[in-house]
Amino acid sequence: LVNATAKVGVARVVGVQWLTSHATEVLWPGTDVRHLCSVVSDLSFSEYLARAGLNGEWADTAFLHALGRAYGVSVLIFQPGVDEALVVRPRNVF
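Definitions and limits used
Residues numbered from 1 in each chain as written. Predicted model: local features only at pLDDT ≥ 70, side-chain atom pairs only at ≥ 80, totals over all residues. Heavy atoms only, no water. Helix = DSSP H or I, 4+ residues; strand = E, 2+ residues; numbered from the N terminus. Buried < 20%, exposed > 50% of the residue type's maximum accessible area, 1.4 Å probe, protein only. Areas by Shrake-Rupley, 256 points an atom, 1.4 Å probe, with all protein chains shown as cover. Core = buried A, V, L, I, M, F, W, Y, C linked by side-chain atoms within 4.5 Å. Contact = heavy atoms within 4.5 Å. pLDDT = per-residue confidence, 0-100.

(A) Examining the overall build of the protein chain more closely. Scanning the protein chain from terminus to terminus reveals four helices and four strands. Listed N to C, the secondary structure of the protein chain is α-β-β-α-α-α-β-β in terms of helices and strands. Taken over 94 residues, the protein chain has a buried fraction of 36%. Carbon and sulfur atoms make up 61% of the accessible area of the protein chain, which amounts to about 5,900 Å² in all.

(B) Fine view of the nonpolar core. Core analysis: the largest hydrophobic core is formed by 19 residues, its most contacted members being Leu19, Cys37, Tyr48 and Phe63. Setting aside residues up to four positions removed in sequence, Phe63 forms contacts with Ala11, Arg12, Gly15, Val16, Leu19, Tyr48 and Ala52.

(C) Fine view of the confidence of the model for the protein chain. Per-residue confidence for the protein chain gives a mean pLDDT of 86; residues scoring 70 or more make up 86%. The least confident element of the protein chain, judged by mean pLDDT, is strand 4 (residues 86-88) at 59; the most confident is helix 3 (residues 45-52) at 96.

(D) Structural detail: the environment of Thr20. Inspection of the secondary structure assignment puts Thr20 in helix 1 (residues 2-21). Thr20 gets classed as partly exposed once you look at its relative accessible area, which sits at 46%. Between the C-alpha atoms of Thr20 and Ser46, which are 26 residues apart in sequence, the distance is 9.2 Å.

Written as C-alpha coordinates, this is what we have:
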(Lines give C-alpha, C1' and ligand atoms only; values in the text may rest on other atoms or scores of the structure.)
Protein backbone atom coordinates (compact mmCIF):
# COMPACT_ATOMS: atom_id res chain seq x y z
CA LEU A 1 0.00 0.00 0.00
CA VAL A 2 2.86 2.39 0.75
CA ASN A 3 4.38 1.75 -2.68
CA ALA A 4 1.00 2.34 -4.40
CA THR A 5 0.52 5.60 -2.50
CA ALA A 6 4.00 6.74 -3.55
CA LYS A 7 3.24 5.92 -7.20
CA VAL A 8 -0.02 7.89 -7.04
CA GLY A 9 1.92 10.81 -5.58
CA VAL A 10 4.41 10.67 -8.46
CA ALA A 11 1.56 10.50 -10.99
CA ARG A 12 -0.01 13.59 -9.41
CA VAL A 13 3.26 15.50 -9.75
CA VAL A 14 3.59 14.39 -13.38
CA GLY A 15 -0.01 15.40 -14.14
CA VAL A 16 0.32 18.83 -12.53
CA GLN A 17 3.63 19.44 -14.34
CA TRP A 18 2.06 18.51 -17.68
CA LEU A 19 -0.97 20.75 -17.06
CA THR A 20 1.27 23.64 -16.03
CA SER A 21 3.55 23.39 -19.04
CA HIS A 22 0.66 22.87 -21.51
CA ALA A 23 -1.85 25.33 -20.02
CA THR A 24 -2.27 27.29 -23.25
CA GLU A 25 -2.34 24.27 -25.57
CA VAL A 26 -5.53 24.37 -27.66
CA LEU A 27 -7.54 21.16 -27.28
CA TRP A 28 -10.25 22.27 -29.70
CA PRO A 29 -11.28 25.69 -31.00
CA GLY A 30 -12.05 27.99 -28.06
CA THR A 31 -10.78 25.62 -25.38
CA ASP A 32 -7.27 25.27 -24.06
CA VAL A 33 -6.04 23.09 -21.21
CA ARG A 34 -6.44 25.85 -18.62
CA HIS A 35 -10.05 26.52 -19.67
CA LEU A 36 -10.96 22.81 -19.63
CA CYS A 37 -9.63 22.42 -16.07
CA SER A 38 -11.65 25.41 -14.90
CA VAL A 39 -14.85 24.26 -16.63
CA VAL A 40 -14.80 20.70 -15.29
CA SER A 41 -13.88 21.77 -11.75
CA ASP A 42 -15.52 25.18 -11.33
CA LEU A 43 -12.18 26.39 -9.89
CA SER A 44 -9.56 28.81 -11.15
CA PHE A 45 -6.67 27.10 -12.91
CA SER A 46 -4.28 27.80 -10.02
CA GLU A 47 -6.81 26.39 -7.50
CA TYR A 48 -7.30 23.36 -9.75
CA LEU A 49 -3.55 22.69 -9.86
CA ALA A 50 -3.20 23.08 -6.10
CA ARG A 51 -5.99 20.60 -5.38
CA ALA A 52 -5.04 18.15 -8.13
CA GLY A 53 -1.59 17.80 -6.58
CA LEU A 54 -2.96 16.63 -3.24
CA ASN A 55 -3.35 12.95 -2.37
CA GLY A 56 -6.97 12.10 -1.67
CA GLU A 57 -8.30 14.57 -4.26
CA TRP A 58 -10.28 13.59 -7.32
CA ALA A 59 -8.83 12.79 -10.72
CA ASP A 60 -11.27 14.12 -13.29
CA THR A 61 -11.29 13.87 -17.08
CA ALA A 62 -8.94 16.85 -17.48
CA PHE A 63 -6.39 15.31 -15.11
CA LEU A 64 -6.67 11.89 -16.75
CA HIS A 65 -6.10 13.62 -20.11
CA ALA A 66 -2.92 15.16 -18.69
CA LEU A 67 -1.69 11.79 -17.41
CA GLY A 68 -2.39 10.10 -20.73
CA ARG A 69 -0.51 12.80 -22.61
CA ALA A 70 2.38 12.87 -20.11
CA TYR A 71 2.86 9.09 -20.17
CA GLY A 72 2.14 8.74 -23.90
CA VAL A 73 -0.77 6.32 -23.50
CA SER A 74 -4.39 6.27 -24.62
CA VAL A 75 -7.03 6.71 -21.93
CA LEU A 76 -10.56 5.41 -22.32
CA ILE A 77 -13.15 6.64 -19.83
CA PHE A 78 -16.44 4.83 -19.33
CA GLN A 79 -19.24 6.74 -17.64
CA PRO A 80 -22.39 5.11 -16.27
CA GLY A 81 -25.47 6.05 -18.26
CA VAL A 82 -23.43 7.57 -21.10
CA ASP A 83 -23.14 5.72 -24.40
CA GLU A 84 -20.08 7.57 -25.60
CA ALA A 85 -16.62 7.27 -24.07
CA LEU A 86 -13.96 9.94 -23.94
CA VAL A 87 -10.76 8.77 -25.57
CA VAL A 88 -7.45 10.53 -24.99
CA ARG A 89 -4.79 9.59 -27.50
CA PRO A 90 -1.20 10.71 -27.04
CA ARG A 91 0.17 13.25 -29.51
CA ASN A 92 3.55 13.79 -27.96
CA VAL A 93 5.16 12.74 -24.74
CA PHE A 94 6.00 15.18 -21.91
